[in-house]
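Given next are the chains, with one letter for each unit.
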Amino acid sequence: MPNPAELAAQHWGLAAFLLGVVGLLAFMLGVSSLLGSKAFGRSKNEPFESGIVPTGSARLRLSAKFYLVAMLFVIFDVEALFLFAWSVSVRESGWAGLIEATIFIAILLAGLVYLWRVGALDWAPAARRERQAKLKQ
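Residues numbered from 1 in each chain as written. Predicted model: local features only at pLDDT ≥ 70, side-chain atom pairs only at ≥ 80, totals over all residues. Heavy atoms only, no water.

### Things to note about the overall build of the protein chain
Here's step 1: A tally of regular secondary structure across the protein chain gives five helices and zero strands.
Here's step 2: Across the protein chain, helices and strands are ordered from the amino to the carboxyl terminus as α-α-α-α-α.
Here's step 3: In summary, the protein chain has a C-alpha radius of gyration of 28 Å against a globular reference of 14 Å for 137 residues, an excess of more than 25%.
Here's step 4: The principal-axis extents of the C-alpha atoms in the protein chain amount to approximately 80 × 60 × 25 Å.
Here's step 5: The buried share among the 137 residues of the protein chain stands at 6%.
Here's step 6: The contacts of the protein chain with a sequence gap of at least 6 include a subset with a gap of at least 24, amounting to 50%.
Here's step 7: Of the roughly 12400 Å² of accessible surface on the protein chain, a fraction of 70% belongs to carbon and sulfur atoms.
Here's step 8: Side chains of the protein chain give 13 positive and 9 negative charges; the mean places of these two sets differ by 17 Å. (Helix = DSSP H or I, 4+ residues; strand = E, 2+ residues; numbered from the N terminus. Rg over C-alpha atoms; globule rule 2.2 N^0.38 Å. Buried < 20%, exposed > 50% of the residue type's maximum accessible area, 1.4 Å probe, protein only. Contact = heavy atoms within 4.5 Å. Areas by Shrake-Rupley, 256 points an atom, 1.4 Å probe, with all protein chains shown as cover. Lys, Arg positive; Asp, Glu negative; His and termini not counted. Charge placed at Lys NZ, Arg CZ, Asp CG, Glu CD.)

### Concerning helix 4 (residues 90–118)
Structural remark: α-helix, 3.6 residues per turn; residues separated by three or four positions point the same way.
Here's step 1: Taking 1.5 Å per residue, 29 residues should reach 42 Å; helix 4 reaches only 35 Å between its end C-alpha atoms and comes up short.
Here's step 2: Where helix 4 bends most, the angle comes to about 70°, and this point is Ala96.
Here's step 3: Within the span of helix 4, buried status applies to Gly97, Ala101, Leu108 and Leu115.
Here's step 4: In the stretch just after helix 4, Gly119 is the one whose phi turns positive, near 90°. (Expected span 1.5 Å × (residues − 1). Bend = angle between axes of the 7 residues up to and from the residue.)

### A word on the domain arrangement of the protein chain
Here's step 1: You can read the domains of the protein chain as domain 1 (1–33) and domain 2 (62–136).
Here's step 2: Taken over C-alpha atoms, the centre of domain 1 sits 47 Å from the centre of domain 2. (Domains from an automatic or database assignment.)

### Structural notes on the packing of aromatic side chains
Here's step 1: Applying the stated criterion across every chain, the model contains one aromatic pair.
Here's step 2: Geometrically, the ring pair formed by Phe82 and Phe104 is tilted, given 4.5 Å between the ring centres and 50° between the ring planes. Taken together, the residues span a long stretch of sequence, with Phe82 in helix 3 (residues 64–88) and Phe104 in helix 4 at a distance of 22 residues.
Here's step 3: On the basis of relative accessible area, Phe82 is assigned to the partly exposed category, the value being 34%.
Here's step 4: By relative accessible area, Phe104 is classed as partly exposed at 24%. (Phe/Tyr/Trp six-rings, centres within 6.5 Å; stacked < 30°, edge-to-face > 60°.)

### Section: the UniProt feature "transmembrane region" (unreviewed entry) in the protein chain
Here's step 1: UniProt annotation of "transmembrane region" (unreviewed entry) refers to residues 12–35, 66–88 and 94–116 when read in the numbering used here.
Here's step 2: Structurally, residues 12–35 is divided into 100% helix and 0% strand, and its ends, taken at the C-alpha atoms, are 34 Å apart.
Here's step 3: Helix makes up 100% of residues 94–116 and strand 0%. Its end C-alpha atoms lie 33 Å apart. (UniProt positions renumbered as here; feature names shortened; annotations may be inferred.)

Printed below as a string of structure tokens:
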């Protein structure tokens, strides 16, 4: 079992880093509390965005479609990352890599077709969709 002096000698870089982080944190918090504004008031506590006075509450109820689009973005963003990594190593991965990438794209394409078929990608209200369907007939 190494003694504490040997451990300190081996990990002095980590200790210096942690000490620097704590020192920088204390400095930033101390300077901001000393130099920061101490005035309070109703207009001081309001959010100010590009010179426009806010109206209403910031707590908005969003449709589940917004979250669905966010999840789709993440899924297809991960697909793009995977395909980029595959394209960089296409020569090393050979036919096995091509087959894996094809299977991966096919699974994601099947998921996209499923979402399209169940109407998850329809943003228009039902009345507008019905009008569009009548116009096509």
